[in-house]
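# A structural walkthrough
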Amino acid sequence: MTTANDPWGRVDADGTVYVRTADGERVIGSWAAGSPEEALVFFRRKFLSLETEVALIEQRIAATEIAPAQAQSTVQRLLHSVGEANALGDLDGLRTRLEALTTAVDQRREEVKAAREHARSEAREVKERIVEEAERIAAEATHWKASGERMAELLEEWKAAPHADRAVEAVLWKRLSAARNAFTKRRKSYFASLEAERDAVRARKEKLVEEAEALSSSTDWGQTTSAYRELMRQWKEAGRAGRDAEADLWKRFRDAQDKFFAARTEVFAAKESELRSHASVKEQLLAEAQALLPVSDLRAARAALRSIQERWEQAGPVPRESREQLEAGLRRVEETIRRAEETQWRRSNPEALARAEGTVAQLRSAISSLEAQLSRARERGDTAGIRKTSEALAARRSWLEEAERTLAEFTS
């Protein structure tokens, strides 16, 4: 038999096949069924098969689609296979690649471990938040419906959350259960006390209804209206009875009030009609009073106004919305006639006339004196004197105008 060579091995004359490694040549088999070249092809094919397995595990580890433990097991199996492989090829190279994968797998194992620890830490934080919110609700909640719904949601969130360490999770679950139990106990206690309070409210409101019904036939409109206002205040402060009892008591309470206020409205409507008739009379009297203006005959105007005032008092009260307009209209007429009387009195008062004439004379004399002073100051060029005298002169002239108007009233 002839020999054959390959970069990674050879076939000798007796058909023995060798592979070359860093440790030297190693027998991987014998070949007697054909030529040495066929032997090389056969053992190369076995190497390619082994190399394919190594490439596949490299891809799976690179894609992180295999668990570290499974990857390590596969790598160790392949290392053993490479070490004893009856194959022709770069076995040292495959071993180097597999050893590199061992390092990668160790790194991946640490990453998975760290990720697992991180996930557990996050799970613990999530569940701690759930427990803390549940404990806060158990201790502080007063909106029972919304809080009860939130407690149920927290339980579902707990179930959906990832698992933390078993010991930590056991402690947190115990706290969550205690919070749920405490919330349920507080809610039951609240509704028990609420029922007792509603019974007390119902008793108080029954008394208020009885008082309201007793007042429903009263005709003391003012005092009874105040009494109903006080009963309504007490009703609002009393709180709420149960839904059905509250509705029944409120209907009785309102019926009693409606009966009273309907009767009062009927009486007030009749009174309002009477007040409107009074207003009609006073509107006619006001028109009569306004016809006295402007005053031409003071004595006749005074007499006519006295007659109007007497009839005004006899006419009686008017509706509130008309009262101010009518009273203001009559006051304007009264004020106009009063001013006319004062003007006439001033004109006929000799002492007042004398005072007015004296004031005008004094001011005219003072103005003449100041005009002379101003001329002298101008001749001297006395700037300060000019300014001071001019200011005094302007003031006296203003006063004179007012005094002359007052005097004119006496002479007109």
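In the block above lies the structure referred to throughout.
The notes below deal with the structure included here. Nothing here was measured: the structure is a model prediction, and the numbers come from that model.

Glancing now at unusual backbone geometry. Put simply, Leu293 and Pro294 share a cis peptide bond, and its omega is -5°. Within the secondary structure layout, Pro294 lies in the loop between α7 (243-290) and α8 (298-315).

The element strand β3 (residues 16-21) is largely enclosed, with a buried count of five among its six residues. The pairing of strand β2 (residues 9-11) with β3 spans three bridges and is antiparallel. If you follow Val11 over to β3, its bridge partner there is Val17. Count of turn residues in the β2/β3 antiparallel hairpin: four residues, of which Gly15 carries a positive phi of about 90°. Pairing between β3 and strand β4 (residues 24-30): six bridges, direction antiparallel. Bridge pairing in β4 links Thr21 to Gly24. Where β3 hands over to β4, the hairpin turn is made up of two residues, counted between the paired strands.

Right, let's get into the packing of α7 against α8. Two elements in contact, α7 and α8, have axes whose closest approach is 9 Å; the angle formed by their N-to-C orientations is 170°. On the basis of their axis angle, the class for α7 and α8 is roughly antiparallel. Residue-level contacts link His278, Val281, Lys282, Leu285, Leu286, Glu288 and Ala289 of α7 to Ile308, Arg311, Trp312 and Ala315 of α8. Class assignment of the residues belonging to the contact of α7 with α8 gives a composition of seven nonpolar, one polar and three charged.

The subject of this paragraph is the nonpolar core. Residues Ile61, Val75, Leu91 and Leu98 are the most contacted members of the largest nonpolar core, which totals 28 residues. Contributing elements (two or more residues each) for this core: β3, α1 (36-62), α2 (68-84) and α3 (91-140). Here this core gets eight residues from one element, more than from any other, and that element is α1. Discounting residues that sit within four places of it in the chain, Ile61 has contacts with Ile66, Ala71, Val75, Leu101, Ala104 and Val105.

For Pro162, the location among the structural elements is in the loop between α4 (144-160) and α5 (166-215). Separated by 42 residues in the primary sequence, Pro162 and Arg120 place their C-alpha atoms 7.5 Å from one another.

In this structure the tally under the stated criterion is 30 salt bridges. Between Glu53 and Arg77 there is a salt bridge whose closest N-O contact spans 3.4 Å. On the criterion of sequence distance, the pair formed by Glu53 in helix α1 and Arg77 in helix α2 is long-range, its members being 24 residues apart. Look at Glu53 and you get partly exposed, because its relative accessible area is 34%. Arg77 gets classed as partly exposed once you look at its relative accessible area, which sits at 43%. Taking the shortest distance from any N to any O, the salt bridge between Asp92 and Arg95 comes out at 2.9 Å. Highlighted residues: Asp92 and Arg95, both in helix α3, separated by three residues, approximately one helical turn. For Arg95, a relative accessible area of 25% translates into the label partly exposed. Counted as one network, the salt bridges with shared partners bring together Glu133, Arg150, Glu153 and Glu157.

To continue, consider the side chain of Asp12. With respect to the helices and strands, the residue Asp12 is situated in the loop between β2 and β3. Arg10 provides the closest opposite charge to the buried, salt-bridge-free Asp12, at an N-O distance of 4.5 Å. There is a polar contact of 2.8 Å between the side chain of Asp12 and the backbone nitrogen of Thr16.

Rules used throughout
Residues numbered from 1 in each chain as written. Predicted model: local features only at pLDDT ≥ 70, side-chain atom pairs only at ≥ 80, totals over all residues. Heavy atoms only, no water. Helix = DSSP H or I, 4+ residues; strand = E, 2+ residues; numbered from the N terminus. Buried < 20%, exposed > 50% of the residue type's maximum accessible area, 1.4 Å probe, protein only. Pairing = 2+ DSSP bridges. Axes fitted to C-alpha atoms, helices over the stretch in contact; angles between N-to-C directions. Parallel < 35°, antiparallel > 145°, perpendicular 65-115°, else oblique. Contact = heavy atoms within 4.5 Å. Nonpolar A, V, L, I, M, F, W, Y, C, P; charged D, E, K, R; others polar. Core = buried A, V, L, I, M, F, W, Y, C linked by side-chain atoms within 4.5 Å. Salt bridge = Lys/Arg side-chain N within 4 Å of Asp/Glu carboxyl O. Lys, Arg positive; Asp, Glu negative; His and termini not counted. Polar contact = N/O pair within 3.5 Å; in protein donor to acceptor, adjacent residues only side chain to side chain.

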